[in-house]
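Understanding the architecture of this molecule
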Number of protein chains: 2
Amino acid sequence: MLGLMQQRPLLISSLLDYAERYHAGREIVSRSVEGPLHRSNWGTIARRAKQVANLLQRLDVARGERIATLAWNHNRHLEIYFGVTCSGAVLHTVNPRLFPEQVRFIIDDAESSYMFFDVTFAALVEQLAPRLPNVRGYVALCAREAMPSIDVPNLLCYEDLLAAETGDHAWPSFDEDLASALCYTSGTTGNPKGVLQSHRSAVLHSLALMSADTMAISARESLLLCAPLFHVNCWGIPFAAAGTGAKLVLPGMKLDGASLFELIRDEAVTFCGAVPTVWLNLFAWMEANLNTTDQRGLKLRRVLSGGTAVPRVVIEKAHNYFGATMLHAWGMTEMSPLGTCGSLLAQHVGMNLDERMPVHLKQGRTIYGAEVRIVDDDGHELPRDGRSVGEIQVRGPWVLSGYFKGAGGKVVDEDGWFRTGDVAHMDADGFITITDRAKDVIKSGGEWISSIELENLAVSHPAVLEAAVVATRHPRWQERPLLLVHRKQGAEVSKEELLAFLSDKIAKWWLPDDVVFVEELPHTATGKVLKTRLREEYGDWLERPAGTTSR
Amino acid sequence: MLGLMQQRPLLISSLLDYAERYHAGREIVSRSVEGPLHRSNWGTIARRAKQVANLLQRLDVARGERIATLAWNHNRHLEIYFGVTCSGAVLHTVNPRLFPEQVRFIIDDAESSYMFFDVTFAALVEQLAPRLPNVRGYVALCAREAMPSIDVPNLLCYEDLLAAETGDHAWPSFDEDLASALCYTSGTTGNPKGVLQSHRSAVLHSLALMSADTMAISARESLLLCAPLFHVNCWGIPFAAAGTGAKLVLPGMKLDGASLFELIRDEAVTFCGAVPTVWLNLFAWMEANLNTTDQRGLKLRRVLSGGTAVPRVVIEKAHNYFGATMLHAWGMTEMSPLGTCGSLLAQHVGMNLDERMPVHLKQGRTIYGAEVRIVDDDGHELPRDGRSVGEIQVRGPWVLSGYFKGAGGKVVDEDGWFRTGDVAHMDADGFITITDRAKDVIKSGGEWISSIELENLAVSHPAVLEAAVVATRHPRWQERPLLLVHRKQGAEVSKEELLAFLSDKIAKWWLPDDVVFVEELPHTATGKVLKTRLREEYGDWLERPAGTTSR
């Protein structure tokens, strides 16, 4: 017997319609690529999204066609987000920080038909265009006077195009399972693979982000979005923001401490999501440039971080500088990206920061909608005892069923479980602690050593800015940990001091066999330490003649 | 192009699985029908729900079959909620406060095959059983020693039946559009009509209840559920509670002030939903029995009310006695029931209670998922100006498409809009103010007078316990308002004093033509004043000889 409730499809356009109807005046503040702050609102975003939709019609863009963007976080990118998805085309956000060949591969693989790009990427676009046979036109996100002089086929001016379109457009209704957005994983091995979200998955994920146990996005929030719009749709936050009418603050390309602090203060930011590196930069700037009175009246109360383990110092400084509580989250492109979120449980309410710290240091807890389990090498679920380490598997309505064009083959099992490649343990409350990426695991004499735990300890030393621990080959133990350290500017610390600092915090056999001081660590486009490169470079470290610092 | 995300159906079993897996120890506290408090938890509820499912299999209950309950708010009712719906049968909660003939009609119309009943309703069950040909068995919700001696076919003992079943049951997967629950509207005219929820609508509605802009149900809450489980599934809260692992406090049949206060204090209740009458009773008890120190340490911070307009005094006392903020909500059985919810906007944050009061007095604002509009008599949408009065229409994935068995014919138009029969205006932020039920509207000389606004003003007089305003026929103005007043015990107030009290708060032509003092007002099963009966009784009031008080 079927229920007798309305069969209304879950479409992204319903989120935007909500914002337009009830929160039209709620601000969207952007740091423009041109420099100055740009003030818009949901009403204008919705109108211009409809102009984008009319433009796509004029450009003969069919339903399901991919539209690529190479752009920072700002209002134009946001209106393209909605204009493309709500009209039934597929938003294909491309990460401009990847190597040019990866960018080319991704746009070519997606067969995107148009590319909307910030003028800061004009040179890249010009370089790639000759090898992008499917792209029918390149739309520069600027007004006529800012158009770049580059030689690409069918170069178009966004503001001119929009000016020619009306803001009247009735969003079409269609199957909620139709594709809405395509994001490629910034894999460190092999070619990037595409994850194709649907309207259904995007709306359900948005509802999850609104829920009090995750990000609790509401109409009352002023959300500063430091995660790029090209990184899993900025964690899906723009869609949830529309469904609540939250204020958005988009920092453009400027993620430095001064720029972010100005936005947090002037735009009454209440919530900000950013990877740990961004937080560390902000705190360092505040320490160097502010006195305590400058922090009065700030509204930032909740901060979200993830992408990599959040160091204790970030949690402490968020508390001390803003009075903000850390939501430590975990996810990946393959899960839209929300997997776990570190919202507190009843027993944590009323604890002080020190008491809560063990909770904040975990990578969040399982929330409704994203099923998470940890399995051993044979695929059997491990006990949720906070000790048993294995690979994380996830399933749920916003988890992929397969990559775009079948890349990578079958990636979920018959029961829908996707192997994440992250290694962790889980406690009885569902909090996970990531101990490694499966491929970063250090196996010493058959036992696992957590590179992440060692890194977290190392960065808690006051002289350490950033640290990475990688496996190096060892004749007896197969692998041993090597600690790579980027010291803070002007700070002094020796190998012996660091090892002594670690030695009373870990089992003796976890102690790194050596410490290498580096000028900087390589990072992926999303800010993670690029361990593949470090392993290539240092995998033979212990086999080299003593005193050799590079090959 | 279809997205490549997992096709996992939205099923109520996924909510329960979540609670069982991560919040098994989180308490479910019930005031049992037997009297004492009963302490359970989500783990036990889930296990016993599986025993219920196994029992249904043993009883040959097919998928889609309706299972009726006549029961108060307690753990057994809750485990039946999940056991029935998760196994694919349809939960049919029946309101025992209706007239026996209505109860019989509802169970017969639903063709429910089994009835689970509290022993307090044994006499009612015995009275109805001979005229319920479809019911194959009657399960008394008690242990063997408490079994009632009644003469009904196939009388069964719930605890005996459950004891014979294991707690092993793999919840089946099925189409999310299958029916999950059947609730009848307690209409004041005609036969009650059934609203048949689906798993999809129940899960989406649950996600909506978790969202920060509505009830913000989270794992941190201790939820006292005063709305009956037989009233639109207690506003859907039990399902959302499972999806977060919130603590539930179920007050059984005792909604008196002393009993509720004890639960609020001892179970660290953080959130409580109840109709205004329940709040007024609780506050009256607190005023008579407590001194201020008794209120220290209470955790109640958010209260929800609806079903009828919430008087200002309830909002003030919730604030003064608990430090709790009122969420004024509006909905109906036909919308599962969430329509609007009075969560604050950014501009209200930081206001004191007086400044916020105009917001709290409205019946909430439109939230994502339940589309709300106000139309004139020709079906054209009215401006959202906070003045233009018309009928509310709603649509969305948790709004009905039609009543059970087609009762009432076609009730939504081609665009999915359902006519609610509530009359209101809406402001630009989406806040609605209900001015009347369509059928309670008073049309005086072609102009509308809001009976609800007059009632709210009348109850703000310190001597008035409850008030109702109904239309009476008038030779010149067609209709004029009549004020019916139930005075507080021992309080004195005259007709002249009341009219003087009102006269400077309203337009002159709104002033009621007369005031009648009554011993009590008639109520529907859900606590609303039964205006149909008042209109029948007083519709000719102004035509009667002066001094006549009853016919």
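Residues numbered from 1 in each chain as written. Chains lettered and ligands numbered in written order. Predicted model: local features only at pLDDT ≥ 70, side-chain atom pairs only at ≥ 80, totals over all residues. Heavy atoms only, no water.

1. Quick look at the relation of the copies chain B and chain A
If you rotate chain B by 180 degrees and push it 0.0 Å along the axis, it lands on chain A with an RMSD of 0.1 Å. The symmetry that links the two subunits is that of a two-fold axis. No C-alpha of chain B approaches the rotation axis more nearly than that of B:Ser211, which lies at 1.9 Å. Both copies contact each other with a shared surface, as 100% of the interface residues of chain B are interface residues in chain A too. (Least-squares fit on C-alpha atoms with pLDDT ≥ 70 in both. Contact = heavy atoms within 4.5 Å.)

2. What about the interface of chain B and chain A?
The interface of chain B with chain A comprises 78 residues on the first partner and 78 residues on the second. Together chain B and chain A conceal approximately 6,000 Å² of surface at their shared face, both sides included; 54% is due to carbon and sulfur atoms. When the buried surface of chain B facing chain A is broken down by residue, B:Met1, B:Met5 and B:Tyr368 rank first, second and third, together holding 16% of it. Linking chain B with chain A are eight salt bridges, by the criterion used here. The shortest N-O distance in the salt bridge between B:Glu371 and A:Arg8 comes to 3.8 Å. Between the two partners, chain B and chain A, sit 48 residue pairs in polar contact (both at pLDDT 80 or more). (Buried area = accessible area lost by both parts, 1.4 Å probe. Salt bridge = Lys/Arg side-chain N within 4 Å of Asp/Glu carboxyl O. Polar contact = N/O pair within 3.5 Å; in protein donor to acceptor, adjacent residues only side chain to side chain.)

3. A closer look at the pattern of salt bridges
For the coordinates displayed, the defined rule picks out 78 salt bridges over all chains. Across the pair B:Lys247 and B:Glu27 runs a salt bridge whose closest N-O atoms are separated by 3.7 Å. A residue pair is termed long-range when its members are at least 10 positions apart, and B:Lys247 in strand 11 (residues 247-250) and B:Glu27 in strand 1 (residues 27-31) qualify at 220 residues. Judged by relative accessible area, B:Glu27 falls into the partly exposed class, the value being 27%. It is possible to trace a salt-bridge network through shared partners that takes in A:Glu34, A:Arg48, A:Arg76, A:Glu79 and A:Glu159. (Helix = DSSP H or I, 4+ residues; strand = E, 2+ residues; numbered from the N terminus. Buried < 20%, exposed > 50% of the residue type's maximum accessible area, 1.4 Å probe, protein only.)

4. Regarding the environment of A:Asp177
On the secondary structure map, A:Asp177 appears in the loop between helix 6 (158-163) and strand 8 (179-184). As a C-alpha pair, A:Asp177 and A:Val275 span 98 residues in sequence and 31 Å in three-dimensional space. Beyond its immediate stretch of four places on either side in the chain, A:Asp177 contacts A:Ser198, A:Arg200, B:Leu2, B:Gly3 and B:Gln7. Engagement of the side chain of A:Asp177 in a polar contact is seen with the side chain of B:Gln7, the distance being 3.0 Å.

5. Regarding the pairing of strand 5 (residues 114-117) of chain A
Neither face of strand 5 of chain A is left uncovered, since the one carrying A:Tyr114 and A:Phe116 and the one carrying A:Met115 and A:Phe117 both have all their residues buried. Handedness of the strand 5 of chain A-helix 5 (residues 122-128) of chain A-strand 6 (residues 137-140) of chain A crossover: right-handed. (Right-handed = clockwise from strand over helix to strand, strands pointing away.)

6. Some details on the sheet that holds strand 8 of chain A
Residue and element names in this part refer to chain A. Across the sheet, which stays open at both edges, the seven strands sit in the order 7-6-5-3-4-8-9 with mixed pairing between neighbours. Two strands bound the open sheet, and with one partner strand each, they are strand 7 (155-157) and strand 9 (194-198). Averaged over all adjacent pairs, the angle separating strand axes in this sheet is 25 degrees, with direction ignored. As defined by bridge partners, strand 8 adjoins strand 9 across five bridges and the pair is classed as antiparallel. Residue Tyr-184 lies in a different strand from strand 9, and its bridge partner there is Gly-194. The strands that helix 7 (residues 199-210) touches are strand 8 and strand 9; relative to strand 9, the one it contacts most, it runs at about 75 degrees. (Pairing = 2+ DSSP bridges. Axes fitted to C-alpha atoms, helices over the stretch in contact; angles between N-to-C directions.)

7. As for the environment of A:Leu483
All names here are of chain A. Inspection of the secondary structure puts Leu-483 in strand 24 (residues 478-487). Since its relative accessible area comes to 1%, Leu-483 is described here as buried. In this structure the C-alpha to C-alpha distance between Leu-483 and Glu-101, which are 382 residues apart in sequence, comes to 31 Å. Beyond its immediate stretch of four places on either side in the chain, Leu-483 contacts Ala-458, Ala-467, Ala-468, Val-469, Leu-502, Pro-512, Asp-514, Val-515 and Val-516.

8. Observations concerning the pairing of strand 6 (residues 137-140) of chain B
All names here are of chain B. Side chains of strand 6 alternate between two faces, with Gly-137 and Val-139 and Tyr-138 and Ala-140 buried alike. Bridge count between strand 5 (residues 114-117) and strand 6: four bridges; the pairing is parallel. Across the sheet, the residue bridging to Tyr-114 is Gly-137, located in strand 6. By the bridge criterion, three bridges tie strand 6 to strand 7 (residues 155-157) in an arrangement that is parallel.

9. Describing helix 4 (residues 100-110) of chain A
Extensive coverage of helix 4 of chain A is indicated by the burial of eight of its eleven residues. Packed against the buried residues of helix 4 of chain A are strand 3 (66-70), strand 4 (90-93), strand 5, helix 5 and strand 8 of chain A.

10. A few points about the packing of aromatic side chains
To describe a pair of aromatic rings, one takes the distance between the centres and the angle between the planes. Evaluated as defined, the whole model comprises 26 aromatic pairs over all chains. For the ring pair B:Phe283 and B:Tyr321, a centre distance of 5.5 Å and an interplane angle of 85 degrees mean the geometry is edge-to-face. Taken together, the positions of B:Phe283 in helix 11 (residues 276-289) and B:Tyr321 in helix 12 (residues 312-322) put the pair 38 residues apart, joining distant regions of the chain. Within the aromatic cluster, the residues linked to one another by ring pairs are A:Trp42, A:Tyr81, A:Phe82 and A:Phe239. (Phe/Tyr/Trp six-rings, centres within 6.5 Å; stacked < 30°, edge-to-face > 60°.)

11. Section: the confidence of the model for chain A
Summing up the model confidence of chain A, the mean pLDDT is 93 and the portion of residues at 70 or higher is 98%. Under the prediction, the complex receives an ipTM of 0.90, its pTM being 0.90. (pLDDT = per-residue confidence, 0-100.)

12. Some remarks on the sheet that holds strand 8 (residues 179-184) of chain B
Residue and element names in this part refer to chain B. Taken in spatial order, the seven strands line up as 7-6-5-3-4-8-9 in an open sheet, and their pairing is mixed. The open sheet is flanked by strand 7 and strand 9 (194-198), the only strands paired with a single partner. If you compare each strand with its neighbour and ignore which way they point, the axes differ by 25 degrees on average. This element, helix 7 (residues 199-210), spans strand 8 and strand 9 of the sheet and lies at about 75 degrees to strand 9.

13. A few points about the side chain of A:Thr435
For A:Thr435, the location among the structural elements is in strand 20 (residues 432-437). A:Thr435 has contacts with A:Val389, A:Val423, A:Ala424, A:His425, A:Ser450, A:Ser451 and A:Ile452, leaving out every residue within four places of it along the chain.

14. Topic: the packing of helix 10 (residues 257-266) of chain A against helix 11 (residues 276-289) of chain A
To describe two helices that pack against each other, one gives the angle between their axes and the distance between the axes. Residue and element names in this part refer to chain A. Two elements in contact, helix 10 and helix 11, have axes separated by 8 Å at closest approach and are oriented at 85 degrees. Taken as axis vectors, helix 10 and helix 11 run roughly perpendicular relative to one another. Across the interface between the two elements, Gly-257, Ala-258, Leu-260, Phe-261 and Ile-264 from helix 10 touch Val-278, Asn-281, Leu-282, Trp-285 and Met-286 from helix 11. Here the residues of the contact of helix 10 with helix 11 sort into eight nonpolar, two polar and no charged. (Parallel < 35°, antiparallel > 145°, perpendicular 65-115°, else oblique. Nonpolar A, V, L, I, M, F, W, Y, C, P; charged D, E, K, R; others polar.)

15. Details of the state of the cysteines
The final tally for this structure, using the stated rule, is zero disulfides over all chains. Take A:Cys234: it sits in no disulfide, and the sulfur closest to it among the cysteines is that of A:Cys226, at 8.4 Å. For the unlinked cysteine B:Cys183, the closest cysteine sulfur is that of B:Cys234, found at 11 Å. Its relative accessible area of 2% is what places B:Cys183 among the buried residues. (Disulfide = S-S within 2.5 Å.)

16. Details of unusual backbone geometry
Across the junction of A:Ser336 and A:Pro337, the peptide omega takes the value 5 degrees, indicating a cis bond. Inspection of the secondary structure assignment puts A:Pro337 in the loop between strand 14 (325-331) and strand 15 (338-341). Despite not being glycine, A:Asn154 shows a phi value in the positive range, around 55 degrees. Take A:Asn154: its relative accessible area is 39%, and that puts it in the partly exposed class. The residue B:Asp60 is not glycine, and still its phi comes out positive at about 60 degrees. Taking relative accessible area as the criterion, B:Asp60 reaches 63% and is therefore assigned exposed.

17. Quick notes on helix 3 (residues 75-86) of chain B
Residues and elements named next belong to chain B. Taking 1.5 Å as the rise per residue, helix 3 with twelve residues should run 16 Å; its terminal C-alpha atoms sit 16 Å apart, in good agreement. When we look at burial in helix 3, the residues that qualify are Asn-75, Arg-76, His-77, Leu-78, Glu-79, Ile-80, Tyr-81, Phe-82, Gly-83, Val-84, Thr-85 and Cys-86. Positive phi appears at Gly-88, one or two residues downstream of helix 3, with a value of about 100 degrees. (Expected span 1.5 Å × (residues − 1).)

18. Focus: the packing of helix 1 (residues 12-22) of chain A against helix 3 (residues 75-86) of chain A
Residue and element names in this part refer to chain A. For the pair helix 1 and helix 3, the least separation of the axes is 9 Å and the interaxial angle reads 130 degrees. Looking at the two axes, helix 1 sits oblique to helix 3. Two packed elements cross with a definite hand, and for helix 1 against helix 3 that hand is left-handed. For the pair helix 1 and helix 3, contact is made by Ile-12, Ser-13 and Leu-16 and by Phe-82, Thr-85 and Cys-86, respectively. In terms of residue class, the contact of helix 1 with helix 3 is built from four nonpolar, two polar and no charged. (Left-handed = near helix turned anticlockwise from the far one by under 90°.)

19. Observations regarding the environment of A:Asp436
Structurally, A:Asp436 is set in strand 20. Of the polar contacts made by the side chain of A:Asp436, one reaches the side chain of A:Ser451; its length is 2.3 Å.

20. Thoughts on the side chain of A:His474
Residues and elements named next belong to chain A. Tracing the backbone shows His-474 in strand 23 (residues 464-474). A distance of 3.0 Å separates a polar side-chain atom of His-474 from the backbone nitrogen of Arg-476. Setting aside residues no more than four positions away along its own chain, His-474 makes contact with Glu-479, Arg-480, Asp-513 and Leu-542.

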